Amino acid sequence: MGWPRWFYIFIGFWIFCQSLLIYYDEKRDARELTYFNCSYINGNVEKIDVANRGAIRLKVDNDTNNYLVPTARDKILNDRKSLYEAAEVGDRVQKGRLSDTLYLFKRDKIYKYVFKFRY
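Being a predicted model, the structure only gives us computed values, none of them experimental. (Residues numbered from 1 in each chain as written. Predicted model: local features only at pLDDT ≥ 70, side-chain atom pairs only at ≥ 80, totals over all residues. Heavy atoms only, no water.)

With that settled, the discussion passes to the sheet that holds strand S5 (residues 101–105). A sheet is described by the order of its strands in space; here six strands give the open sequence S3-S2-S1-S4-S5-S6, paired in antiparallel fashion. Among the strands making up the open sheet, the edge pair consists of strand S3 (66–69) and strand S6 (110–114). The sheet shows a mean angle of 35° between the axes of neighbouring strands, taken without regard to direction. Bridging between strand S2 (residues 56–60) and S3 involves four bridges; their strand directions are antiparallel. Each bridged residue has a counterpart across the sheet, and for Lys 59 the counterpart in S3 is Asn 66. (Pairing = 2+ DSSP bridges. Helix = DSSP H or I, 4+ residues; strand = E, 2+ residues; numbered from the N terminus. Axes fitted to C-alpha atoms, helices over the stretch in contact; angles between N-to-C directions.)

So, in structure tokens, the structure goes:
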């Protein structure tokens, strides 16, 4: 004897809903990464948090926006520290418009993070 028919309908509906959530989540991330890529950022770090899939959320003091920052490729060049590990509140960050490089200025050191954008 197999499962009741309503069980298969429920499983199909659940898979459909999960697929929609994944699709719209990826579209939102792509939109936010495009916004980050097109933005000019220059200011002090006000807040830094972990976001989804290894990305981080960055808030700069002179800006009202929160930026979704992708994972940088060149961790080895920055004393093996990711942006999340190196950045602290009060450090200065700078990124030009359409630039793939974000600079983190600490008291005694400058960290350079290069991003690879996939759309």
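So much for the structure itself; the text now carries on.
What follows concerns the packing of aromatic side chains. By convention here, two paired aromatic rings are described through the distance between centres and the angle between planes. As enumerated under the stated definition, the model contains nine aromatic pairs in all. Ring plane angle 70° and centroid distance 6.0 Å describe the contact between Phe 7 and Tyr 8, whose orientation is recorded as edge-to-face. Under the relative-accessibility criterion, Phe 7 is labelled partly exposed at 25%. For the pair Tyr 111 and Tyr 113, a centre-to-centre distance of 6.4 Å together with 25° between the ring planes defines the contact as stacked. Owing to a relative accessible area of 5%, Tyr 111 belongs among the buried residues under this scheme. For Tyr 113, a relative accessible area of 1% translates into the label buried. Within the aromatic cluster, the residues linked to one another by ring pairs are Trp 3, Trp 6, Phe 7 and Tyr 8. The ring centre of Phe 105 lies 4.3 Å from the NZ or CZ of Arg 92, which sits over that ring. Sitting over the ring of Phe 36, Lys 95 keeps its end group 5.1 Å from the ring centre. (Phe/Tyr/Trp six-rings, centres within 6.5 Å; stacked < 30°, edge-to-face > 60°. Buried < 20%, exposed > 50% of the residue type's maximum accessible area, 1.4 Å probe, protein only. Lys NZ or Arg CZ within 6 Å of the ring centre and 35° of its normal.)

By secondary structure assignment, the location of Tyr 84 is in helix H2 (residues 83–86). Tyr 84 sits 76 residues away from Tyr 8 along the chain, and the two C-alpha atoms are 44 Å apart. Apart from residues no more than four positions distant in its own chain, Tyr 84 is found in contact with Ile 48, Asp 49, Val 50 and Ile 56. (Contact = heavy atoms within 4.5 Å.)

Next up on the list: the pattern of salt bridges. Counting across every chain of the model gives six salt bridges. With a shortest N-O distance of 3.7 Å, Asp 49 and Lys 47 are connected by a salt bridge. Overall, the relative accessible area of 33% leaves Asp 49 in the partly exposed class. Lys 106 is the partner of Asp 91 in a salt bridge, and the nearest nitrogen-oxygen pair spans 2.7 Å. (Salt bridge = Lys/Arg side-chain N within 4 Å of Asp/Glu carboxyl O.)

Read these as geometric descriptors, not functional statements.
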